[in-house]
Amino acid sequence: MERRHSLRSHTIRLVALAAALACRPADHAPAAAGSTVIDDAGRTVVLAQPAHRIVSLSPAVTELLFALGVGDRVVGRTTWCDYPPVVRLVPSVGDGLNPSLEALAARRPDLVVLYRSPLNETAAAQLSRLGIAAVVLRQDRLEDVARAARLLGRLVGRSAAGDSLADSLSRLLAAPAPRSRRRLAFVVWDSPPIVIGAGSYLDQLATLAGAENVFHDIAAASAAVGLETIATRDPDVIVVVSDSAEPRPPALARRPEWRVIRAVREGRFVYLVGSLFGRPGPRAGGAAGELRRLLGQVTR
Amino acid sequence: MDHELILDVRDVSYRYPGAGAGADALAGVSLAARAGAVHAVLGPNGSGKTTLLRVALGVLAPATGGSRILGRPAAAWSRRELARVVGVVTQREENLFPQRVRETVLLGRYARLSLWGAERPEDRAAVTRALERCDVLSLADRWIWTLSGGEYQRVRLARALAQEPRLLVLDEPTASLDVRHEMELFQLVRALADRDGLAVVLITHHVNLAARFADRVLLLSGGQPAGEGPPGDVLSRETVERVFAWPVSIAPFEGRPQVIPLRKDHT
Amino acid sequence: MKWLGLGLVVVAAFLGAVVLGPVHVPLAGLAASDIVRTLRLPRALLAFLVGGSLALSGAGLQALIRNPLADPFLLGLSGGAGLGAVAAIALHLASPWALPLAAFAGALGATALVYRLGLVGGGELDPRVLILAGVAVGAFAAAVTTAIVSLSDAAELRNTFLWLWGGLSGASWDSVLVLAVYLPLPLAVLFAAARPLDLLALGEEPARHLGADVESLKRRVFVAASLLAAVCVAVSGVIGFVGLVVPHAMRTLWGHRHRPLLPAAFLGGGALLALSDTVARVAVAPRELPVGIVTALVGVPVFALLLRRWTTS
């Protein structure tokens, strides 16, 4: 309760300070002071001081917070947050999809970070009404992660670290991809066959790894396609993303109709473990490198 | 005329499942239908007329007694076999589909068709004969929804005749017909018995027409037989007043008793 | 003449399914093409067998329940199949046949329950009770399915709903073979029931007196129609509208006699599904639409047209 009172009075001070500092660019606000950001849902979020009790409802955000050096301030996470391993000591507040406001409030956070979805936007509005600052961030592609790093940096008072992380991710994205002739397709479901398209960060990873996603022409993040389409585009490798680390050929490999695809016939599969590859995050560089290495193993 | 015994119902009793004791739908009823004769089944509503029909044709199994058709127990007949011998015009029929008269009468040939075989010329001939017999041949290509009530009843009778049965059973065939169509139907039924030697069982609550056209009547009251025999014997004033719980007077017409209900004025 | 027209439609739909696709295969190379032999040909055959079976099942059920709105999935079948499929995925069953078998088992389980509920005193099936039981069982199964989905690993189970929406993407010569072995018996039972079903249209009592064994008929038709629908769900998910609309469309041309209607419905349903699948594969290439959406998009306007004809005639 006292935090809310101080929040209000600090907000008034902040507005005065902002007016006085009008000439200075917003992203150079002094570390110890409060911050104002506009999140990916267009909401303006104001913090009087750097966040000290943060609930992260997104695994990528959890990783970012640890990367920014404020992992000790994370007081709530989702069941999917598993990196770095020490975060498992933090209590989980659900799967991040439709958060229970009671569970969230019980952690007494001063900042909750959610990933962008319609349900979460509603939850964020409700949290604001409870006086808890809530930030909604898009998490679809690597540029979203870069932007999140910058924004989170400001919210936790580590702007420099945030900006540097954002810049390195941006550089990674802008780096000319080392070319190879490897062509791949990500297959995430078999009936119906669902592949990854250009809208997904996995497509970005493929580019970073120097490979070509044969379904790059599909704008969506994922799409159902016909087997004959996959067969004709003839990827060298089929990339499978699963939760277990076991590199076992997927069930589809045994089905006769899938064997029209050369990569299935020849058993050229690459297995990506969900934790590292299942979502975009600060470890993208390492992920791309790992993917490139795995591709090299399977193709000539 | 050969008076072969077609239907022989002996002393049947039946109670519907779930009915209490003493609520027998039928108790000790007998009926014998012979070729060439019209046998009417009369009685107030709920006296067991339709139940008797179902027990007689083996649809329901009686608690006591039995029913035989052409000497064989009703239960021993398969539905298909029985349909070649007995033609039934039920009280109600809900025809879901638009049909022409000839098509609906053709349904009567089902029991004589083989499983996969098509309709044969003899089937179509039987249909034409049945239509003729019921005086609806001119309506053969009409849609049945365009028919009047009386015409539709005669079409249903034609369908039963298309089965080429020995026994014809009609359950309240004139229920919603006017005078002219009632008379036409009863006359037709009489002619079928006389000319074609069919045995006819006619369930009706039109007591007077039954008295004029039937050779024998069975009068039911609360599931029990109140009289069986020629109309003159069964339809006495005492019996009718008891069964129908209404004062009547009996007047003869063409040698048959006619029931005239009296007024019950409360002064 | 009508049969000739229907035959032409069937041939055209089949040819379309084989010749057309997201990938261009030149006519000259059709016979040698791996894609055609391994993918399109079995898929076209599967579409025919499934579409025909659904239409036939729908026609049989409409006659049995004496309700023109009957559909093979009315009687709780799709709910049971969905529950079976979700259970198989939640249990992480590995075999490629696990999903279809589980869906089939779920469908049959739901059907058996509906049958049991539909038996009234004396072991007789009451069609009105059947409908109510079907709606209830279907709703219950759908609720349990949703509960499992909401409590479990979201991603895989979300994909289950895509499968349930209907798709012939899993078509192979194996699945065609399974259908070829399985279908003849239920198909034969339904075709043989054509004449008695005409009698049943008059009502159960008149049908009985005309020589139909009504109890056996109701059982046979219900079981055969359910078996057909169950195997279709197992192989290709829930494809709606084919079983509902095709029998009605065929009735406008062939009338209500089941002897010509049932075969016409089978052929018409097969052609419709083959055509819909071609559209599903080609319309937004390289992406594929779930075929259940295409049959609904085609089926609904056709249905509306038919309704207008009925109400104006």
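Caption draft 1: Structural view of the overall build of chain B. A count of helices and strands for chain B gives nine helices and twelve strands. A compact globule built from 267 residues should have a C-alpha radius of gyration of about 18 Å, and chain B, at 19 Å, falls within 12% of that. If you line up chain B on its principal axes, its C-alpha atoms span 65 × 40 × 40 Å. Counting contacts in chain B only where the partners sit at least 6 residues apart, residues at least 24 apart contribute 65% of the total.

Caption draft 2: Examining the domain arrangement of chain A more closely. All names here are of chain A. In terms of domain boundaries, chain A breaks down into domain 1 (23-174) and domain 2 (183-297). In this complex, domain 1 contributes 17 residues to the contact, which on the side of domain 2 involves twelve residues. Elements represented by at least two residues in the side of domain 1 that touches domain 2 include exactly α2 (59-67), α5 (142-155) and α6 (159-174). Considering every element that reaches the side of domain 1 that touches domain 2, the biggest residue donor is α2, with five residues. Its residues assigned to classes, the side of domain 1 that touches domain 2 comprises eleven nonpolar, one polar and five charged.

Caption draft 3: Here's a closer look at the arrangement of the chains. Between chains A and C lies the most contact-rich interface of the two pairs of chains that touch. Kept free of each other, chain A and chain B leave a smallest C-alpha distance of 39 Å between them.

Caption draft 4: Summary view of the confidence of the model for chain B. Confidence in the prediction for chain B averages 91 pLDDT; 99% of positions are at 70 or higher. Predicted as a complex, the structure gets a pTM of 0.85 and an ipTM equal to 0.91.

Caption draft 5: Here's a closer look at the sheet that holds strand β4 (residues 74-76) of chain A. All names here are of chain A. On the basis of which strands lie adjacent, the open sheet formed by four strands has the order β4-β3-β5-β6 and parallel pairing. With partners counted over all chains shown, the strands left at the sheet margins are β4 and β6 (133-137), one partner each. With strand direction ignored, the average angle separating the axes of adjacent strands in the sheet is 30 degrees.

What counts and what doesn't
- Residues numbered from 1 in each chain as written.
- Chains lettered and ligands numbered in written order.
- Predicted model: local features only at pLDDT ≥ 70, side-chain atom pairs only at ≥ 80, totals over all residues.
- Helix = DSSP H or I, 4+ residues; strand = E, 2+ residues; numbered from the N terminus.
- Rg over C-alpha atoms; globule rule 2.2 N^0.38 Å.
- Contact = placed C-beta atoms within 7 Å.
- Domains from an automatic or database assignment.
- Nonpolar A, V, L, I, M, F, W, Y, C, P; charged D, E, K, R; others polar.
- pLDDT = per-residue confidence, 0-100.
- Pairing = 2+ DSSP bridges.
- Axes fitted to C-alpha atoms, helices over the stretch in contact; angles between N-to-C directions.

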